[in-house]
Amino acid sequence: MSSEPPGFELPLRLFMAFRMIIDELHAELARQGHPDVRPMHGFVMQAVGPHGTTAVELGRTLGVSKQAAGKTIDTLERLGYVERSTDPADSRRKIVKLTPYGVDALMKSAAIFDDLRRAWSRTLGEDRLHALEQDLRTMTPPDFFRLDIPGWFGGL
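Note on numbering: residues in each chain are counted from 1, in written sequence order. Restriction of local features to residues with pLDDT of at least 70 applies here, the model being predicted, together with a cutoff of 80 or more for giving and counting side-chain atom pairs; totals for whole chains, interfaces and linings are based on all residues. Side-chain measures here rest on the full set of heavy atoms in the structure, leaving out hydrogens and waters.

J.: Before we go on, may I ask you to explain the overall build of the protein chain in this structure?
T.: When its secondary structure is counted, the protein chain shows seven helices and two strands. Expressed along its principal axes, the backbone C-alpha trace of the protein chain runs to roughly 65 × 30 × 25 Å. Relative accessibility under 20% of the residue-type maximum defines a buried residue, over 50% an exposed one, and the middle range a partly exposed one, all with a 1.4 Å probe and only protein chains included. With 156 residues in all, the protein chain has 29% of them scored as buried. Contacts are assigned to residue pairs that have any heavy atoms within 4.5 Å of one another. The long-range fraction of contacts in the protein chain, counting pairs at least 24 apart against all pairs at least 6 apart in sequence, stands at 57%. Exposure was quantified through the Shrake-Rupley algorithm and a 1.4 Å probe, taking into account, for residues, occlusion by the shown protein chains and nothing else. Carbon and sulfur atoms make up 59% of the accessible area of the protein chain, which totals about 10600 Å². Averaging the coordinates of the 20 positive side-chain charges in the protein chain and doing the same for the 21 negative ones gives two points 6 Å apart. By the criteria applied, helices consist of DSSP H or I runs no shorter than four residues and strands consist of E runs no shorter than two, each listed in order from the N terminus. Residues counted as positive are Lys and Arg, residues counted as negative are Asp and Glu, and His and the chain ends are not counted. Note that the charge is assigned to NZ on lysines, CZ on arginines, CG on aspartates and CD on glutamates.

As structure tokens, this is what we get:
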């Protein structure tokens, strides 16, 4: 019998690590004034970006339909994270932009991610964490910051 773990364990462990980090992030975001943000909302707000976007462009970026993107925009607008406005260059287009509350959620998320990385460093040691990060960079494509995860997972 082989002492190697089964092949399916690696993706499950990677996913579990991702899930733990995201769960910790959202628990802390809730403590810091953002109790309604869900994991998928982070992808959406990143895709909206600093300059805004349309529902069609958002759907394309996320890999979901315009309708699915629109429903998520509705939710985020109701929660106060985004707002819709008319495109000054084309009055037929609606632009979705982050509100100050949405920007605050993203800024706090970035700081919390830094805190979570420091916690991993304390547990694993900085050298081991750096080696893990470098190994993951070796094994993954350089364009790691993809926002089409919602579509890949099957929609919003």
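After that view, the rundown keeps rolling.
J.: What should I look at first to understand the packing of aromatic side chains in this one?
T.: Any two aromatic rings considered together are summarised by their centre-to-centre distance and by the angle between their planes. Stacked, edge-to-face and tilted are the three classes for Phe, Tyr and Trp ring pairs, Trp counted by its six-membered ring, which pair at centre distances within 6.5 Å; planes under 30 degrees apart are stacked, over 60 edge-to-face, the rest tilted. Counted by the stated rule, this structure contains two aromatic pairs. Taking the centre distance of 6.2 Å and the plane angle of 35 degrees together, the rings of Phe15 and Phe18 count as tilted. One end of the pair is Phe15 and the other is Phe18, both in helix α1 (residues 9–31) and three residues apart, which spans about a single turn. With a relative accessible area of 40%, Phe15 lands in the partly exposed category.

J.: Help me understand helix α2 (residues 39–48) in this model?
T.: In an α-helix there are 3.6 residues to a turn, and that puts residues three or four apart on one side. Those residues of α2 lying buried are His41, Phe43, Val44, Met45, Ala47 and Val48. Within two residues after α2, Gly49 carries a phi angle of roughly 70 degrees, on the positive side.

J.: For this particular structure, what's the right way to read the pairing of strand β2 (residues 90–98)?
T.: When a strand is regular, its side chains alternate between the sheet's two faces. Here, strands pair whenever DSSP counts at least two bridges between them. Taken together, the six bridges between strand β1 (residues 82–87) and β2 define a ladder with antiparallel strand orientation. Paired with Ser85 across the bridge in β2 is Ile95.

J.: I keep staring at the confidence of the model for the protein chain and nothing clicks. Help me out?
T.: The predictor rates its confidence in each residue with pLDDT, a number between 0 and 100. Per-chain confidence: the protein chain averages 91 in pLDDT, with 91% of residues scoring 70 or above. Within the protein chain, the lowest mean pLDDT, 66, falls on helix α7 (residues 149–152), and the highest, 97, falls on helix α5 (residues 100–124).

J.: Looking at this structure, how should I read the side chain of Thr53?
T.: Assignment of secondary structure puts Thr53 in the loop between α2 and α3 (55–62). Residue Thr53 is classed as buried on the basis of its relative accessible area, which comes to 5%. Side-chain atoms alone can form a polar contact between residues adjacent in sequence; in general such a contact is a pair of N or O atoms within 3.5 Å, and within protein one must be able to donate a hydrogen while the other accepts it. One polar contact links Thr53 to Glu57, side chain to side chain, over a distance of 3.0 Å. Contact partners of Thr53, with chain neighbours within four places excluded, come to Ala47, Val48, Leu58, Lys94, Ile95 and Val96.

J.: Help me out: how do you make sense of the side chain of Ser121 in this one?
T.: Position of Ser121 relative to the elements: it lies in helix α5. Given the relative accessible area of 14%, Ser121 is considered buried. Here the side chain of Ser121 touches Glu126 through a polar contact of 2.6 Å, side chain to side chain. Ser121 has contacts with Glu126 and Leu129, leaving out every residue within four places of it along the chain.

J.: Honestly, α5 in this entry has me stumped. Any pointers?
T.: To estimate how far a helix should reach, multiply one less than its number of residues by 1.5 Å. Here α5 spans 36 Å end to end across 25 residues, near enough to the 36 Å set by a 1.5 Å rise per residue. The complete set of buried residues in α5 reads Gly102, Ala105, Leu106, Ser109, Ile112, Leu116 and Ser121. If you follow the buried residues of α5, they end up packed against α1, α2, β2 and α6 (126–139). Remark: Gly125 follows α5 within two positions and exhibits a positive phi of approximately 95 degrees.

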